[in-house]
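Each chain is listed here by its residues.
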Amino acid sequence: MLALLARRLALGVLTILVTSVLIFAGTEVLPGDVATAILGRSATPESIESIRKAMGLHDPAPVRYVRWLTNFLQGDLGTSLANGRPIAQQIASRLGNTLFLASVAAAIAVPLSIILGVMAAIRANGLFDRAISVATLVAISFPEFFIAYVLIIIVAVNLGWFPSLASISPVMDLGDRLYVVALPALTLVMVVLAHMMRMTRASVIGVMSSPYIEMAVLKGLPGWRVVVQHALPNALAPIINVVALNLAYLIVGIIVVEVVFVYPGMGQLMVDAVAKRDVPVVQACGLIFAGTYVGLNMIADILAIFSNPRLRRPR
Amino acid sequence: MRLFGQRLSVAATIGLVIIVVNILAAVLAPVVAPYGEADIIGDVWDAPETSQTVFGLDNLGRDMFSRLLYGARTTITIALITTLLSFTIGCVFGFAAAVAGGWLDMLLSRIVDALMAIPTLIFALLVLSVLGTSIPVLIGTIAVLDSTRVFRLSRAVAMNIVPLEYVEAARLRGEGLAWVMRREVLPNALPPLIAEFGLRFCFTFLFIAALSFLGLGIQPPFADWGGMVRDNAQAISFGGIAPLIPAAAIAILTIGVNLVVDWILSIHAARRA
Amino acid sequence: MPQDGPEAMEQNIILTIRDLQILARIEGQQDAAKPIVDGVSLELRRGEVLGLIGESGAGKSTIGLAALGYTRPGCVISGGSIVFDGVDLARLPVEEIRKFRGSRVAYIAQSAAASFNPARKLYDQVGEAPVRHGLMSWSEAKARSTELFRELDLPNPDTFGERYPHEVSGGQLQRAMAAMAMSCRPEILVLDEPTTALDVTTQIEVLASLKKLIREHHTAGLYITHDLAVVAQIADRIMVLRHGKMVEEGPAGDILHRPQQEYTRMLVSVRAAETSAPLPPPRHRAAGTPVLALDHVSASYRSLVKVINDVSLTIARGETVAVVGESGSGKSTLARVICGLLPPESGTIAFTGEPLPKALRQRSRDQLRRIQMVYQMPDVALNPRQTIGEILGRPVSFYFGSSGSDVRARVKELLEMVDLPADFAKRRPGELSGGQKQRVSIARAIAAKPELMICDEVTSALDPLVADGILKLLQQIQDEMGLSYLFITHDLGVVRRVSDRVAVMLRGALVAEGPLAKVFSPPYHPYTELLLSSVPEMRLDWLEEVLARRAEIPRVAALSA
């Protein structure tokens, strides 16, 4: 099993490296370089040349890649083209905000969706299951901003329970922070919940049709015990994967949600940077998002290895 | 009503009606729309009653309903072209990898793994930041990124069919690769692939809408649903529901496609049982 | 304590099923249902084993599960009663039935590999029922499991339960399932094809263990199987079922030796032929160049493990050669090597005297045409999206360049040859029964006018009577066309019926080869003897005889391990 774990870890590191190469190469292979991007239409050949020199753009690509990556790992994310400030400084507080919002959403969505998904699967095709499956089908069809605006109109504008703008600041205490992120978090929960529930349901139903489940029923075990002790241990690996996959949805969803609620997070920073074509910022944000995503998938796979005796104790 | 020799469920019929209505709206937009795409006909966010229109006016005083029809044209066409492109790329490579196996399969699978290691939106934002936003870039980027998922599915579906004995029988007969793919593998892979086409369309459609909403997708003067949500977002602070109208249009079409997809998957599952 | 008299007999009855009717929902049609068990009645006394026998679709498993008050999803008990110890399980709420399941009525399934939860240790699963029914503590249950493991001759009974299902062999897992069923000392054991998935040499051991267990614990049993000879070893009475109805019922000896119904007589005679029919006299072997000659052929997957080891074999024109072996012996791989799907590492294959290229791709269309293959599973051997006409027409046009009406005429002729009506050409495989599909597979093979036909377990997925028809058809085709057959099979009954020559395979190598009468009569190769003596025979005391004989020569039994 150790070999298996080591292999998975190595694969994770390799994937992050490949990802970083892709992110770096994306800006290399494609036409136009940073210097022209900075100067835009006002560029003269001389000014472009001087910026290129200053930024070391004449070095071969692999050299610049290694420099970019080592700097990145040391916390130097480069400077923004738009305002000339160090990127690390801009990202620091925003990363915290984004992680806070994502964690609040995940903390509600993950347990809730697993419980609801398992409940739907136990009584597959029952009334609860059918209601759930219609509701989730509708929910996965909603774009994030639709859910967000509906929530704003109902909860913020008409009921006035929560603010429609999520302006968070470092001086707030936890209660205030939670109050402020209530609506964006709720939006994210609804987006992720539907996906996660459908997938959890499907994987539990897959397991529930196995002969060993029938065997457990024929041993005279009560329904809940059959599910908890016989179905869940085997559904664990797929459910872990479902969770990891949906945390990826969360990453995508968070960008839109931050824009809707004008929440000062990484997503908004990245969208702004794309609009301004501020490539170094996009690269830095992209690598952080992608790294988180790859890391989550790796953790999911490792947990799945631990949950499966065939992998844990190969013959 | 019947489709593929199966009775349509109520849900699937609703889905189909939604899809047909949307397609008609897209095709007939210039004929049906009371006003032009960019015609300013009154006050900003004028209500339906005062402006004598179906959904009122938008943030520049244009007719919301007309723009919705034109938006259907732009948004659906681009999403459809993108999906077709990603499907062609994904299926051809996916089938080839499954049937040929060996190094080709290894190579393609590793490339796809690498592309899929990065969330699609992040990747798309990277490309757009470098290339700038234009419709060809949008279509190309999303099609390539999305084709990775089509590749995975079509490869998996084909992998389940290739070891079956009727395929082996054809190979033992001496049939060529093309014949095996076209006559033995493809017909049996169709139901899951059709369902996947619907899902990929939904994904692309929502994805483009999200990008447009972020201001990075389809650019003015074209009316498109995601952009319309963005343009009218400010109305919310005055208690207006203007951004909800295009957002609801997006939601309804997606629901329609999903209903049909669900039905296709369920008859496929029943047939296999 | 002998209990005679009608009253004592009455008291002894533990399970009474009366007019049982079970309906199954028809897929795709709402509120439509067809009976899968139709008015079956039976009685089971304490300590007695009743064999339920029948072909697929006879409803025997459904009856077995009904004895636990259980029906599979989509099925419902629509009439009759299932009285266990004075309580009608058909009328009891599920919560009440649960108290009986596992504790007083227990179930052993066909596939232990699928019936054990892969995520939990054997102890947890074997001891679960007594603990959950409140009969024992975990430590008592563990001791009980160990005791049962020992009784069932499982290796290292003290630590056996610490393993996960994937860590033990198929035969061991099947016995562990018996332990799981016996853990609560149930009064009735339902055994649903418990040895069918096993190799013959393993089957006999598991069968012996089960019989010992049932006898020693004085448990009543419902033994479900399609194999009359197996049930004869363990059942006191036998009930024959067909299409959900009872055909006849009686003491095991009567059913075996004096069947009353025509259907039972057919089942008995087909099964008896497998072990007791006299070996056919050797046919004249055609002289001249053999159709196929394998010379010192070895093959392996990814050059790791040798799956075919130095095999030499010849097949003469018009001759039937059977390659027989247990699962994992490499017999199916041998077929793949001959077809070119797995190129051999060394050795040569010659076809009608000319060397045959090793890989499929290097063979000419005509070389491919002359070797045809018929598969085990008719369900996956035919493309479900093509009509029978397309399936049969393709080789005709592909190999002979025929077109249009010529193809249609040939398809009609082919269907006739396999005794199928001409209008089948318009149907798709899904509309055909298993036996009909297998006939289409055969027709597809002979459409190429081959000289050698490889038959890979062609009858093992079919019911005995259907299989019998297929074997007769193959014989008839051989007589007409004079082609050679290579039969790949684990079924010694098939070998005995069809083959001129036999090759016995063990771990990738041939251990015996020669004319049927020579290989299958003494002096045997020890492994051949083990195989032959493991096939259940239609005698009530066969199992005891074999076990007694094996006890004398432990050397032979050791070979199977």
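Let me begin by describing the structure that accompanies this report.

How each quantity is defined
- Residues numbered from 1 in each chain as written.
- Chains lettered and ligands numbered in written order.
- Predicted model: local features only at pLDDT ≥ 70, side-chain atom pairs only at ≥ 80, totals over all residues.
- Heavy atoms only, no water.
- Pairing = 2+ DSSP bridges.
- Helix = DSSP H or I, 4+ residues; strand = E, 2+ residues; numbered from the N terminus.
- Axes fitted to C-alpha atoms, helices over the stretch in contact; angles between N-to-C directions.
- Parallel < 35°, antiparallel > 145°, perpendicular 65-115°, else oblique.
- Left-handed = near helix turned anticlockwise from the far one by under 90°.
- Contact = heavy atoms within 4.5 Å.
- Buried area = accessible area lost by both parts, 1.4 Å probe.
- Salt bridge = Lys/Arg side-chain N within 4 Å of Asp/Glu carboxyl O.
- Polar contact = N/O pair within 3.5 Å; in protein donor to acceptor, adjacent residues only side chain to side chain.
- Nonpolar A, V, L, I, M, F, W, Y, C, P; charged D, E, K, R; others polar.

### Some details on the sheet that holds strand β12 (residues 305-315) of chain C
Residue and element names in this part refer to chain C. Read across the sheet, four strands follow the order β12-β11-β14-β15 without closing on themselves; strand pairing throughout is antiparallel. Either end of the sheet is taken by a strand with one partner, and the two such strands are β12 and β15 (354-355). Where strand β14 (residues 346-351) meets β15, two bridges bridge the pair, whose relative direction is antiparallel. Looking at the pairing, Ala350 lines up with Pro355 of β15.

### Quick word on the packing of helix α5 (residues 87-122) of chain A against helix α12 (residues 279-307) of chain A
In helix packing, the relevant descriptors are the interaxial angle and the interaxial distance, both defined with respect to the helix axes. Residue and element names in this part refer to chain A. Where α5 meets α12, the axes come as close as 11 Å, and the angle between the chain directions of the two elements is 40 degrees. In terms of orientation, α5 and α12 fall into the oblique class. Seen from above, α5 lies across α12 with right-handed handedness. On α12, the residues touching Ile87, Ile91 and Leu95 of α5 are Pro280, Val281, Ala284, Cys285 and Ile288.

### Describing the sheet that holds strand β20 (residues 509-515) of chain C
All names here are of chain C. Strands sit in the order β16-β17-β18-β13-β19-β20 across an open sheet of six strands; the sheet is mixed. Bordering the open sheet on either side are β16 (371-374) and β20, each of which pairs with just one other strand. Neighbour-to-neighbour, the strand axes of the sheet open up by a mean angle of 15 degrees, direction not taken into account. As judged from the five bridges shared by strand β13 (residues 320-324) and strand β18 (residues 484-489), these two strands associate in the parallel manner. Residue Ala322 lies in a different strand from β18, and its bridge partner there is Phe487.

### So, the interface of chain A and chain C
The interface of chain A with chain C comprises 20 residues on the first partner and 31 residues on the second. Between chain A and chain C lies a buried interface of about 2,500 Å² when both sides are counted; carbon and sulfur atoms form 54% of it. Three residues stand out in chain A for area buried against chain C, namely Leu218(A), Lys219(A) and Arg313(A), and they jointly supply 27% of the buried area on that side. Seen at the junction of chain A and chain C, the total is two salt bridges. On the surface where chain A and chain C come into contact, there are twelve residue pairs in polar contact (both at pLDDT 80 or more). Of the residues forming the side of chain A that touches chain C, the biggest block, six residues, is contributed by helix α9 (residues 211-218) of chain A. Of the residues in the side of chain A that touches chain C, the class split is nine nonpolar, four polar and seven charged.

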